[in-house]
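What follows is the residue order along each chain.
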Amino acid sequence: MIGWLQGELADPWQQDKRCGVLLVCHGVGYEVQLTQRQWQGLPAPGDRLTLHIHQAVREDGWTLYGFGERAERDLFRELVAVSGVGPQMALGLLGCLERQQLVQAIVQADLRRLCQAPGVGRRTAERLAVELRSRLQQRFGDLLGAG
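Criteria and thresholds
Along every chain, residues carry numbers that run from 1 in the direction the sequence is written. With the structure being a predicted model, the display of local features is reserved for residues of pLDDT at least 70 and the display and counting of side-chain atom pairs for 80 or more, all residues being used for whole-chain, interface and lining totals. Each side-chain value is worked out from all heavy atoms of the structure, with water and hydrogens disregarded. An axis is simply a line fitted to the C-alpha atoms; with a helix, the fit covers only the stretch in contact. Between two such axes, the angle follows the N-to-C directions and lies from 0 to 180 degrees. In DSSP terms, a helix is any run of H or I states spanning at least four residues, a strand is any run of E spanning at least two, and both are numbered starting from the N terminus. Here is the rule for angles: anything less than 35 degrees is roughly parallel, anything more than 145 is roughly antiparallel, 65 through 115 is roughly perpendicular, and the remaining ranges are oblique. Two helices that cross are described as forming a left-handed crossing if the nearer one is turned anticlockwise from the farther one by less than a right angle, and a right-handed crossing if clockwise. Contacts: residue pairs with any heavy atoms within 4.5 Å of one another. Residue polarity is assigned by list, with Asp, Glu, Lys and Arg as charged and Ala, Val, Leu, Ile, Met, Phe, Trp, Tyr, Cys and Pro as nonpolar; anything else, Gly included, falls into the polar class. Any pair of Phe, Tyr and Trp rings, taking the six-membered ring for Trp, is counted once the centres come within 6.5 Å. Such a pair is stacked with planes under 30 degrees apart, edge-to-face with planes over 60 apart, and tilted for the rest. Relative accessible area decides the class of each residue, using a 1.4 Å probe on protein chains only: under 20% of the type maximum gives buried, over 50% gives exposed, and in between gives partly exposed. At least two bridges found by DSSP between two strands is the condition for calling them paired. Within this document, salt bridges are pairs made up of a side-chain nitrogen of Lys or Arg and a carboxyl oxygen of Asp or Glu, the two lying within 4 Å of each other.

(A) Main features of the packing of helix H2 (residues 70-80) against helix H3 (residues 87-96). As a packed pair, H2 and H3 sit with axes 9 Å apart at the nearest point and diverge in direction by 130°. Considering their axes alone, H2 and H3 lie oblique with respect to each other. Our pair here, H2 against H3, has a crossing hand that is right-handed. On H3, the residues that touch Glu-72, Leu-75, Phe-76, Leu-79 and Val-80 of H2 are Pro-87, Ala-90, Leu-91, Leu-93 and Leu-94. A per-class count over the contact of H2 with H3 returns nine nonpolar, no polar and one charged.

The structure is reproduced here in structure tokens:
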């Protein structure tokens, strides 16, 4: 399982609503999907980039999702564990709201805020709040006191 990559940013790309990079590590190019927010803040091609990776293995292929912080990757994993929330919706949530804001919105069941993310409707927002509230309070409780 790939959990972390460090290499040279070779080719940032955007295809429809998906964003990503080609990250070259010791002569091997890894295609990694990113949140819109992270993609917009990328360094220049040729610069060094470090990403915490979530690797999804499915029948039709392997996909890598990259995050600047381990805690953001961990939150992504919590999101995709919810029924009806796939990787693209989870990336949309993390791209629309900063990690702290997203945790607060889920814990406080702020459905309006959660529905701002692409593809997230009221039922999905409710499911996120119900299924993740206690887990996120325990895991990311330090984020709930601030702002």
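More follows now that the structure is in view.
(B) Inspection of the packing of aromatic side chains at higher detail. A full pass over the atoms with the stated rule returns two aromatic pairs. Aromatic pair Tyr-65 and Phe-76: ring centres 5.3 Å apart, planes at 35°, arrangement tilted. Taken together, the residues span a long stretch of sequence, with Tyr-65 in strand S5 (residues 61-67) and Phe-76 in helix H2 at a distance of 11 residues. When sorted by exposure, Tyr-65 lands in the same class as Phe-76, which is buried. With a relative accessible area of 0%, Phe-76 lands in the buried category. Linked through ring pairs, Tyr-65, Phe-67 and Phe-76 together constitute an aromatic cluster.

(C) Spotlight on the pairing of strand S4 (residues 48-58). In the sheet, strand S1 (residues 4-15) pairs with S4 via five bridges, with the strands oriented antiparallel. In the sheet register, Trp-4 faces S4, and the bridge partner there is His-52. Relative to S5, S4 is paired through seven bridges, and the arrangement is antiparallel. Within the sheet, the bridge partner assigned to Ala-56 lies in S5 and is Thr-63. With antiparallel pairing between neighbouring strands as the criterion, S4 and S5 make up a hairpin whose turn holds two residues.

(D) Region of the structure containing the pattern of salt bridges. On inspection of all chains with the given rule, the structure shows seven salt bridges. Notably, a salt bridge pairs Asp-60 with Arg-58, separated by 3.4 Å at the nearest N-O pair. Exposure remark for Arg-58: the relative accessible area of 56% places this residue in the exposed category. Across the pair Asp-74 and Arg-139 runs a salt bridge, and its minimum N-O distance is 3.4 Å. Highlighted residues: Asp-74 in helix H2 and Arg-139 in helix H6 (residues 122-139), separated in sequence by 65 residues.

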